[in-house]
Amino acid sequence: MFRLLHTAAHPARGIFSRFLLLPICLLFSASLFFSACREKADAEKLRPKGNPPVLVDVMVAAARSIDNKIEANGNVVANEYVELHPEISGRITWLNVPEGTYVTEGTIIARINDADLQATLAKSKVLLDLYEKTAERDRKLLDINGINQADYDIAIGNVNSTKADIDYTQAQIDKTIIRAPFSGTVGLRQVSPGAYVTPTTIIATIQQLDKIKVDFTIPEQYAAVIRKGEWVDIEVDAAAGIHRKGLVIATEPQVNLSSRNLKVRALLQNGQGNPGAFVKVFINAGVDKRAIMVPTNCIIPDDKNNQLIIVRGGVAKFVNVQTGIREANNVEITSGVNTGDTVVVTGVLFARPDAPLQVRSVKTLDK
């Protein structure tokens, strides 16, 4: 009997134990929850407010003297240059192209077969002799009224027409002879004796090298600083550092519509060069100009404007600027920055408008 009661009471004790553990678990969970919230709140208090300042290097804008020297690219040009083409088609019967040799004006370079033209000329001369004799007889008959005036006029017309044919044939024969149009140096031969040539065929070139010219282009905004009679500095050999003076002799009146550049021609003094060679031209457009210069790499290009970052009140201010003269590493600021402004030169990519900045160092401008 006792064993039965003991067994029956055992399930009730298990149920009581379970009800007793449930509040303890809930209390422990609540304690953990409030503890985590308290730690999170403490962490939020310790976290810095906003984004940390960007570390940048700056320079103080100041006006300095600059040498406004324009650098332009140019090409060496011969004083005179032509390609020797035949004026008529035919086979070359004689060729004299002294390659790389100086020849005088009028030197015969080549001859084209003119046998047919010579035959036509001889025929015209025979006809002219016949017509002149006929005209002379008709004049005597006209004096004694042996013929009328119309017959005599026809005879004179035959004479004049034949003379015109002779002049035309002689002009065609002259075109079969290719001569040097001026004194100069002959280039490389492009054809061989016996070749059939046309007016599009190049026999050789001839260039006058006693005077060397240089053609170069400058932006249209510098048109006022280049004038006829002024001197420019021309670097004819960059490797050897050889410079020569050039005298500006002419400028193209019209600006190139595609590049907006102005073409200028200068006469190279005391120098030699190969036509077509590349040279650099330096033009002094003004000395001792005062300007604010900044490093080129701190300029932020935009679709419409160029921008710089100015430090004001410890934050970044983006300002639109206008640029002017460019040097190797620096560029002139014509508007948008004043003397004394603090310009960001490094860390430009990480700065944001009105974001805090931390100045690491103050740089100076490298020339």
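Residues numbered from 1 in each chain as written. Predicted model: local features only at pLDDT ≥ 70, side-chain atom pairs only at ≥ 80, totals over all residues. Heavy atoms only, no water.

> Can you help me understand the sheet that holds strand β7 (residues 177–179) in this one?
Reading across from one edge, β7-β6-β4-β9 is the order of the 4 strands in this open sheet, with antiparallel pairing throughout. With partners counted over all chains shown, the strands left at the sheet margins are β7 and β9 (196–197), one partner each. Here 2 bridges tie strand β4 (residues 90–95) to β9, and the two strands are oriented antiparallel to one another. Looking at the pairing, R91 lines up with Y196 of β9. (Pairing = 2+ DSSP bridges. Helix = DSSP H or I, 4+ residues; strand = E, 2+ residues; numbered from the N terminus.)

> Where do I start with the pattern of salt bridges in this structure?
Any two side chains of opposite charge can pair, given that their charged atoms come close. Scanning the model with the defined rule gives 9 salt bridges in all. A salt bridge links D215 to K263; the shortest N-O distance between them is 3.9 Å. One end of the pair, D215, is in strand β10 (residues 204–219); the other, K263, is in strand β13 (residues 261–268), and 48 residues separate them in sequence. With a closest N to O distance of 2.6 Å, K317 and D354 form a salt bridge. Of the two residues, K317 is situated in strand β18 (residues 315–326) and D354 in the loop between β20 (342–346) and β21 (357–362); the sequence distance between them amounts to 37 residues. By relative accessible area, K317 is classed as partly exposed at 31%. One continuous salt-bridge network, built from bridges that share partners, spans E136, R139 and D143. (Salt bridge = Lys/Arg side-chain N within 4 Å of Asp/Glu carboxyl O. Buried < 20%, exposed > 50% of the residue type's maximum accessible area, 1.4 Å probe, protein only.)

> Sorry, what's going on with the environment of V362 here?
Inspection of the secondary structure assignment puts V362 in strand β21. Once residues within four sequence positions are removed from consideration, V362 is found in contact with V58, M59 and V60. (Contact = heavy atoms within 4.5 Å.)

> In this structure, what is going on with the side chain of Q207? I would like to understand it.
Within the secondary structure, Q207 sits in strand β10. On the basis of relative accessible area, Q207 is assigned to the buried category, the value being 19%. Non-local contacts of Q207, meaning those with residues more than four positions away in its chain, are made with A78, E80, Y81, F182, G184, T185 and P275.

> Hey, could you run me through the environment of A355 in this one?
By the secondary structure assignment, A355 is in the loop between β20 and β21. Residues A355 and A316 lie 39 residues apart in sequence; the distance between their C-alpha atoms is 5.6 Å. Not counting the four nearest positions on each side in its chain, A355 is found in contact with G314, V315 and A316.

In short, the description is geometric, and any link to function would need to be established separately.
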